[in-house]
Each structure stands twice: as C-alpha cells, then as structure tokens.
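Residues per chain, in single letters:
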Amino acid sequence: MLESSKIYFLSSILIISLNLPWQNYKNEVGKFSVSVPAPVKETTSKIKTVTGELVYHQFVCKTISKNDGKILYTINYCDYPLGTFPKDSTDLREEFYKATIESSMDVIKGTVAYQDNILQQEYSGKIWRVDFNKVTAHIKSKCFLIGDRFYLLQIIVANNEKNDPNADKFFDTFFVQL
C-alpha cells in the first residue's frame, strides 16, 4: 500500500509539472528569448568544418505528456566566420538553407512533408517538417541567418499530432535581440 501511494504521489507531481504555465527564457550571449513549457538545458559542442572549428550552442526543453507524447523543443545557434554570409548573397543563403533541410531529412531517414519561406522579424529563412519513424514522429524546424549567425529552432514530436498549438507558440515567441 505504501508503494502505491508513492507511485500516485510521484505521478501527481509529474502531471502537475507538465501543466505549469510557459515561461520566458532569455539568453544574453545568444541574443534571443523564447517561451518554453519546461526548464532549458544548455550544451555546446565543437564541430570541424571547411571554414574551421565552429562552436554549436544547443538549448533543449523536454516535455512528456500522455496526450502529446514526448516533445523536445530546441534552439540552436552557431557563429560562422565573419563575412561567410554577405547580406547580398541570397543564392549562397538559399543553398545553405537547402543543405540544412536535406541534412535534417538524411540524418533521421525521413521525408520532407512541406517547406516554405519565412520572415523572422525582418530576416528571411525557412520552415519545414520532416516525418520519420513510419510517419509516427516528426521534426518541425525553422531556420534563418542574421549576419553570420545561424539560428535553428526545432520541435521533435514522438506522435502523429501534426498541428500542435504549442509548436506555434514556441516558434511565434522566439525573438532575436540585436
């Protein structure tokens, strides 16, 4: 009986914590803010590229619920060397976005369900969704460049829900502070 009480108590805490209101997360170094439904964990990694070693910053917010399944919200940014993406080089930017979308599809062996052009504040970028795991999961992504800084926002959902209002809330509240 005592064991079942502990399980009920822990389950109640989990359910309560999943229904907490979204909170604003602000990162001064990354120069962004966004609303998130749970605490954010930050990691950095170094990636070797033809342009040199890049530091990749990732911010992950994880939620689990009975109705929505597992959902990961991620914000990523990376600073490329100064002058990598000149403002007037729209072809280079388009090529970079195309490669980003193809890479996101290849890594998880998924298929692109849709993609479109977007404006994030006044900066152009892309939004797309990749379905994977026999279309039982998907990653919705949004990316854009501001100068030589690349931002990538993603929501990874492990269920069939394609029109999650939380995805829109996450994407819509992202703001770059220059």
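Look above for the structure.
Described below are features of the structure shown in this document. (Residues numbered from 1 in each chain as written. Predicted model: local features only at pLDDT ≥ 70, side-chain atom pairs only at ≥ 80, totals over all residues. Heavy atoms only, no water.)

## Focus: the packing of aromatic side chains
All chains considered together, the criterion is met by 18 aromatic pairs. What links up through ring pairs into an aromatic cluster is the set Tyr-25, Phe-32, Phe-59, Tyr-77, Phe-144, Tyr-151 and Phe-174. (Phe/Tyr/Trp six-rings, centres within 6.5 Å; stacked < 30°, edge-to-face > 60°.)

## Section: the environment of Lys-70
With respect to the secondary-structure elements, Lys-70 resides in strand S5 (residues 69–79). Exposure remark for Lys-70: the relative accessible area of 51% places this residue in the exposed category. With 67 residues separating them along the chain, Lys-70 and Ala-137 place their C-alpha atoms 9.7 Å apart. When sequence neighbours within four positions are dropped, the list of residues in contact with Lys-70 reads Thr-63, Ile-64, Ile-156, Val-157 and Ala-158. (Helix = DSSP H or I, 4+ residues; strand = E, 2+ residues; numbered from the N terminus. Buried < 20%, exposed > 50% of the residue type's maximum accessible area, 1.4 Å probe, protein only. Contact = heavy atoms within 4.5 Å.)

## Things to note about the nonpolar core
Judged by nonpolar contacts, the single largest core of 40 residues is most densely connected at Phe-32, Val-34, Phe-144, Tyr-151, Ile-155, Phe-170 and Phe-174. Listed by contribution, the elements that provide at least two residues to this core are strand S2 (32–36), strand S4 (52–65), S5, helix H2 (90–108), strand S7 (123–132), strand S8 (137–146), strand S9 (149–157) and helix H3 (165–173). The biggest single contributor to this core is S9, with 6 residues. (Core = buried A, V, L, I, M, F, W, Y, C linked by side-chain atoms within 4.5 Å.)

## As for the environment of Phe-59
As for its placement among the helices and strands, Phe-59 is situated in strand S4. Residue Phe-59 is classed as buried on the basis of its relative accessible area of 0%. Between the alpha carbons of Phe-59 and Glu-42 there is a distance of 4.5 Å; along the sequence they are 17 residues apart. Apart from the residues within four sequence positions on either side, Phe-59 is in contact with Tyr-25, Asn-27, Phe-32, Val-40, Lys-41, Glu-42, Tyr-73, Thr-74, Ile-75 and Tyr-77.

## A word on the environment of Asp-131
Relative to the assigned elements, Asp-131 resides in strand S7. Given a relative accessible area of 10%, Asp-131 falls into the buried group. When the C-alpha atoms of Asp-131 and Met-105 are compared, they prove to be 8.4 Å apart, with 26 residues separating the residues in sequence. In this structure the side chain of Asp-131 is engaged in a polar contact, spanning 2.8 Å, whose partner is the side chain of Arg-129. (Polar contact = N/O pair within 3.5 Å; in protein donor to acceptor, adjacent residues only side chain to side chain.)

## Some remarks on the sheet that holds strand S10 (residues 175–176)
Whether parallel or antiparallel, the strands of a sheet pair through hydrogen bonds between backbone atoms. With antiparallel pairing, the 3 strands of this open sheet are ordered in space as S1-S2-S10. The outermost strands of the open sheet, each flanked by one partner alone, are strand S1 (23–27) and S10. One ladder, built from 2 bridges, connects S2 with S10; its direction is antiparallel. By the bridge assignment, Ser-33 is partnered in S10 with Phe-175. Strand contacts of H3: S2 and S10, with the helix running at about 160 degrees to S2, the strand carrying the most contacts. (Pairing = 2+ DSSP bridges. Axes fitted to C-alpha atoms, helices over the stretch in contact; angles between N-to-C directions.)

## Focus on the pairing of S1
As a general feature of sheets, a regular strand has side chains that alternate between the two faces. In this sheet, S2 lies alongside S1 in antiparallel orientation, the contact comprising 5 bridges. Bridging across to S2, Asn-27 finds its partner in Phe-32. Hairpin connection, S1 to S2: the antiparallel pair is bridged by 4 residues, and Lys-31 has positive phi, about 60 degrees.

## Some thoughts on the pattern of salt bridges
For the structure on display, the rule yields 5 salt bridges. As a salt-bridge pair, Glu-94 and Lys-126 come within 3.1 Å of each other at their nearest N and O atoms. With Glu-94 in helix H2 and Lys-126 in strand S7, this pair connects stretches of sequence that are 32 residues apart. Among the residues examined, Glu-94 registers a relative accessible area of 38% and is labelled partly exposed. Of the charged contacts, one joins Lys-140 and Asp-168 as a salt bridge, the two residues approaching to 3.5 Å between their closest N and O atoms. (Salt bridge = Lys/Arg side-chain N within 4 Å of Asp/Glu carboxyl O.)

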